[in-house]
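Single-letter residue listing:
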Amino acid sequence: MDYRLNVFLRQQWNDPRLAYSEYPDASLDLDPSMLDSIWKPDLFFANEKGANFHEVTTDNKLLRIFQNGNVLYSIRLTLILSCPMDLKNFPMDIQTCTMQLESFGYTMNDLIFEWLSDGPVQVAHDLTLPQFVLKEEKDLGYCTKHYNTGKFTCIEVKFHLERQMGYYLIQMYIPSLLIVILSWVSFWINMDAAPARVGLGITTVLTMTTQSSGSRASLPKVSYVKAIDIWMAVCLLFVFAALLEYAAVNFVSRQHKEFIRLRKKQRRQRMTQSVYTLSSPDSGHCMAMMNEEEELVRESRGFYFRGYGLGHCLQTKDGTAVEGSTVFASPPRMHMLYDSDAVRKRFVDRAKRIDTISRAVFPLSFLIFNIFYWITYKVLRHEDIHANL
């Protein structure tokens, strides 16, 4: 991470060898070509990543000598300086970027840099940045370097930049907020409209994934979690949860089929056991007829006909099996035929209750998250950053 700036670097020192008294002028402006003929500090920018001079229309350099031997050397530069950034609070962060000026070859026994006492760092009044606001506070200090070859003088200035989050509100926060709200529309769509609810859920999930990828495209790949990562992750979680909510609703609404199937299976098992309790020489014949009559009961759903050799097996007191009369008879009692419509209505009501609860739980949970999120990053952490500046 780096930043680019244009600077007018002005250095001033005293060289008694350049003092003069023969000329009445208080100062002399010399041609920049004279720089090679006098001594000048070997200053360089310690955190520089790139730099260039300006030569349009002439070399942007100034050399001025005063009567007492003071020398003013001014030069215009364009610098690209490194700026390690802490992006944990991005995009509500405040960054501190430094500019370090260090001596390359002269140790502190020969050369010491000092800031001017009056206005050492001046910033253009009309300076505007697209994403940041430059704070008026500028920390001036010393950064003396210790190497194997000695101790070298170093001075530094720290610029405090507060990021403006208007762009991120428009491009990231508001669209993701609307996508999350859009995913809640499925709670009001009929549960039988599976294509509509599934299509809406998948569309919102894919849109949130694209938004999350776009928020990280212009940022360096850091190993820690940023504030916008938490926002995008929670929004994606809510959208995905809305899709899973419909899966749960659809599953619950279809459970009546499984429930009725199990009840029919249990009923068949009980009827089969009752057939095996018949003890008679003709028990095999009776068991076959009972199974056939059971099928007739299920298919007729009202009356079944005992005729054409199909009789109802009865057991007398002495244990012998006889056949009943061949007449129209009513089927077994209603507790043998389960009311499937009532069971289906019960499970459908449960599924609708899930939708009703989700209509309140999802917005309330997202509101609570927003309260904690904005208080944490815009109030608490913001105050901690200002306290450390």
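Residues numbered from 1 in each chain as written. Predicted model: local features only at pLDDT ≥ 70, side-chain atom pairs only at ≥ 80, totals over all residues. Heavy atoms only, no water.

1. Some words on helix H1 (residues 166-183)
An α-helix turns once per 3.6 residues; consequently, residues spaced three or four apart project the same way.
Working step 1: Between the first and last C-alpha of H1 there are 25 Å, a value that for 18 residues agrees with the 26 Å anticipated at 1.5 Å per step.
Working step 2: Of all the bends in H1, the largest measures some 30° and sits at Tyr173, one to four residues before the proline Pro175.
Working step 3: Looking only at H1, the buried set comprises Tyr168, Met172, Tyr173, Ser176, Ile179, Val180 and Ser183. (Helix = DSSP H or I, 4+ residues; strand = E, 2+ residues; numbered from the N terminus. Expected span 1.5 Å × (residues − 1). Bend = angle between axes of the 7 residues up to and from the residue. Buried < 20%, exposed > 50% of the residue type's maximum accessible area, 1.4 Å probe, protein only.)

2. A few points about a nonpolar patch on the surface
Working step 1: Taken together, the side chains of Leu364, Leu367, Ile368, Ile371, Phe372, Ile375, Val379 and Leu380 define a hydrophobic patch exposed on the protein surface, amounting to about 740 Å² of accessible area.
Working step 2: When you line up the elements, Ile371 lands in helix H6 (residues 340-388). (Patch = residues over 30% accessible without salt bridge, like charges linked within 9 Å, V, L, I, M, F, W, Y side chains within 5 Å. Areas by Shrake-Rupley, 256 points an atom, 1.4 Å probe, with all protein chains shown as cover. Salt bridge = Lys/Arg side-chain N within 4 Å of Asp/Glu carboxyl O.)

3. A short note on the nonpolar core
Working step 1: One finds Met99 and Tyr173 to be the most contacted residues of the largest nonpolar core, which totals 55 residues.
Working step 2: Elements represented by at least two residues in this core include exactly strand S1 (2-14), strand S6 (70-82), strand S7 (94-103), strand S11 (154-163), H1, helix H2 (194-217), helix H3 (227-253) and H6.
Working step 3: With nine residues, the single largest contributor to this core is H3.
Working step 4: By size, the runner-up hydrophobic cluster in this structure holds five residues, among which are Met191, Val252, Val348 and Ala351. (Core = buried A, V, L, I, M, F, W, Y, C linked by side-chain atoms within 4.5 Å.)

4. A word on the state of the cysteines
Working step 1: Across all of its chains, the model carries two disulfides by this definition.
Working step 2: Here Cys83 pairs with Cys97 through a disulfide, and the sulfurs are 2.0 Å apart. Between Cys83 and Cys97 the disulfide shows an S-S torsion of about -80°. By sign, it is left-handed. Of this pair, Cys83 sits in the loop between S6 and S7 while Cys97 sits in strand S7, and the two are 14 residues apart along the sequence. Both residues of the pair, Cys83 and Cys97, belong to the buried class.
Working step 3: In this model Cys143 forms its disulfide with Cys154; the gap between the sulfur atoms is 2.0 Å. The sign of the S-S torsion, about -60°, decides the handedness of the disulfide formed by Cys143 and Cys154: left-handed. With Cys143 in the loop between strand S8 (132-142) and strand S9 (145-147) and Cys154 in strand S11, this residue pair connects regions lying eleven residues apart in the sequence.
Working step 4: When its relative accessible area of 10% is taken as the criterion, Cys143 is described as buried. (Disulfide = S-S within 2.5 Å.)

5. Notes on the packing of H1 against H2
Two measures define how a pair of helices packs: the angle their axes make with one another and the distance between the axes.
Working step 1: Running from N to C, H1 and H2 cross one another at 165°; their axes reach a closest spacing of 10 Å. Here H2 runs roughly antiparallel to H1, going by the angle between their axes. Here H1 runs over H2; the crossing is left-handed. The residues of H2 that touch H1, namely those facing Gln171, Met172, Pro175, Ser176, Ile179, Leu182 and Ser183, are Leu200, Thr204, Thr207, Met208, Gln211, Gly214 and Ser215.
Working step 2: Counted by class, the contact of H1 with H2 contains six nonpolar, eight polar and no charged residues. (Axes fitted to C-alpha atoms, helices over the stretch in contact; angles between N-to-C directions. Parallel < 35°, antiparallel > 145°, perpendicular 65-115°, else oblique. Left-handed = near helix turned anticlockwise from the far one by under 90°. Contact = heavy atoms within 4.5 Å. Nonpolar A, V, L, I, M, F, W, Y, C, P; charged D, E, K, R; others polar.)

6. Side note on the side chain of His160
Working step 1: By the element assignment, His160 lies in strand S11.
Working step 2: At 3.1 Å, the side chain of His160 forms a polar contact with the side chain of Thr96. (Polar contact = N/O pair within 3.5 Å; in protein donor to acceptor, adjacent residues only side chain to side chain.)

7. Re empty space enclosed by the protein
Working step 1: A complete count under the given rule lists one cavity of 30 Å³ or more for this structure.
Working step 2: Approximately 40 Å³ is the volume attributed to the largest cavity.
Working step 3: Surrounding the largest cavity, Ser183, Ser186, Arg197, Gly201, Thr204, Val239, Ala242, Leu243 and Tyr246 form its lining.
Working step 4: Among the secondary structure elements, those contributing two or more residues to the lining of the largest cavity are H2 and H3.
Working step 5: Per-element tally for the lining of the largest cavity: the top contributor is H3, with four residues. (1 Å grid on protein atoms, 1.4 Å probe; cavity = no way out; pocket = protein on both sides within 12 Å on 5 of 7 lines; lining within 4 Å. Points joined across faces, edges and corners; volume = space filled by probe spheres on them.)

8. Some thoughts on the pattern of salt bridges
Working step 1: What the rule picks out here adds up to nine salt bridges.
Working step 2: The closest approach of N and O atoms between Glu245 and Arg197, which form a salt bridge, is 3.2 Å. You can see Glu245 sitting in helix H3 and its partner Arg197 sitting in helix H2, a full 48 residues away along the chain.
Working step 3: We classify Glu245 as buried; its relative accessible area is 6%.

9. A short note on unusual backbone geometry
Working step 1: Along the chain, Val56 connects to Thr57 via a cis peptide bond; the corresponding omega equals 0°.
Working step 2: Along the chain, Thr57 turns up in the loop between strand S4 (48-53) and strand S5 (61-66).
Working step 3: Phe90 connects to Pro91 through a cis peptide bond whose omega is 5°.

Spatial relationships are all this shows, so hold off on functional conclusions.
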